[in-house]
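Listed below are the residues making up each chain.
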Amino acid sequence: MMVVDDIDSAIVRELQTNARQTNRELARAVGVAPSTCLERVRLLRDRGVITGYHADVSLTALGREVQALLHVQVRPLNREVIEGFKSYASGLPEVLSVFVLAGGDDFLVHVAVPSVEGLHAFLMDRFSGRREIVGFRSSVIYQHHRNRVIDPLDPTGNAHAAVR
């Protein structure tokens with residue numbers, strides 16, 4: 001298990017809030033010297049805690065007004081079918097995320113399309129003809145909220161205290 005101390009937690013929290021701030025601003029916010037901050041950020045990247053820096057994009061501004069979660073069952077359940085469908089779905093431009101599941105559904109696919117008609121066309125054109133898909137259903141998303149800051153949890157499930 002990876003250990004993240006209070007200073008690392010504070011750095012990660014600050015970068016999730018604003019990844020565009022300068023190292024000097026980040027160091028000031030977490031209460032360490034800029035050289036210490038720069039080294040800590042480098043180590044967090046090297047350890048795989050920080051995996052990248054991203055721009056948030058408005059799906060609506062890109063003409064993707066409708067989001068949906070698609071619950072998909074595939075057969076036969078074997079590695080080849082699962083990997084093949086995961087690769088296929090991940091490569092579709094409408095797909096935002098693909099989750100491989102345990103339970104009643106084998107996949108949860110998050111899509112964003114221009115309209116409800118676009119969702120219907122996607123399902124008919126991209127899913128209904130696939131031999132490995134034995135069933136699917138869609139749930140249109142009315143609202144979506146994503147936590148912008150993810151704190152580490154200790155082994156008991158409590159949020160790791162960040163330095164303020």
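All chains use their own residue numbering, which begins from 1 and follows the written sequence. Since the coordinates come from a predicted model, pLDDT governs what is reported: local features require at least 70, and pairs of side-chain atoms require 80 or more to be given and counted, while whole-chain, interface and lining totals use all residues. To obtain the side-chain values, all non-hydrogen atoms of the structure were included, while hydrogens and water were left out.

**Comments concerning the pairing of strand β1 (residues 66–74)**
Moving on, step 1. Most of β1 is tucked away, with eight of its nine residues classed as buried.
Moving on, step 2. Here, a strand pair is defined by DSSP locating no fewer than two bridges between the strands. By definition, any uninterrupted DSSP run of H or I lasting at least four residues is a helix, any uninterrupted run of E lasting at least two residues is a strand, and each is numbered from the N terminus. In this sheet, strand β3 (residues 107–113) lies alongside β1 in antiparallel orientation, the contact comprising seven bridges. Within β3, the residue paired with V72 across the bridge is F107.
Moving on, step 3. The sheet contact formed by β1 and strand β4 (residues 133–141) spans eight bridges and is antiparallel. Bridge pairing in β4 places L70 opposite S138. Only protein chains enter the area calculation, which uses a 1.4 Å probe; residues under 20% of their type maximum are buried, those over 50% are exposed, and those in between are partly exposed.

**Remarks on the domain arrangement of the chain**
Moving on, step 1. Start and end positions for the domains come from either an automated domain assignment or a database one. Domain boundaries in the chain define domain 1 (6–47) and domain 2 (60–141).
Moving on, step 2. Just the C-alpha atoms count here: the centres of domain 1 and domain 2 sit 37 Å apart.

**Focus: unusual backbone geometry**
Moving on, step 1. Of note, the bond from R75 into P76 is cis; its omega dihedral lies within 30 degrees of zero at -10°.
Moving on, step 2. Checked against the element boundaries, P76 lands in the loop between β1 and α4 (79–90).

**Remarks on the sheet that holds β4**
Consider a sheet: its strands pair through backbone hydrogen bonds, and that pairing is either parallel or antiparallel.
Moving on, step 1. As summarised here, the arrangement of the four strands in space is β2-β3-β1-β4, forming an open sheet in which the pairing is antiparallel. The open sheet has two edge strands, β2 (95–100) and β4, and neither has a second partner. Ignoring strand direction, the axes of neighbouring strands in this sheet form an average angle of 20°.
Moving on, step 2. The contact definition used throughout considers only heavy atoms, calling two residues in contact when any of these lie within 4.5 Å. Lines are fitted to the C-alpha atoms to define the axes, a helix being fitted only along its stretch in contact, and any angle between axes, read from their N-to-C directions, falls within 0 to 180 degrees. Packed onto the sheet, α4 meets β1, β2, β3 and β4 and runs at close to 165° relative to β2.

**Here's the deal with the pattern of salt bridges**
Moving on, step 1. For this document, the term salt bridge refers to a Lys or Arg side-chain nitrogen within 4 Å of an Asp or Glu carboxyl oxygen. Applying the stated criterion across every chain yields a total of 13 salt bridges.
Moving on, step 2. Residue E39 pairs with R42 through a salt bridge whose shortest N-O separation is 2.5 Å. Placement of the pair is E39 and R42 together in helix α3 (residues 34–46), with a separation of three residues, close to one helical turn.
Moving on, step 3. For E39, a relative accessible area of 35% translates into the label partly exposed.
Moving on, step 4. The exposure class assigned to R42 is partly exposed, which follows from its relative accessible area of 33%.
Moving on, step 5. E83 is the salt-bridge partner of K86, the closest N and O atoms lying 3.1 Å from each other. Linking K86 with E83, this pair stays in helix α4, spanning three residues, or about one helical turn.
Moving on, step 6. Taking relative accessible area as the criterion, K86 reaches 29% and is therefore assigned partly exposed.
Moving on, step 7. Through salt bridges that share partners, D5, D8, R40 and R47 make up one connected network.

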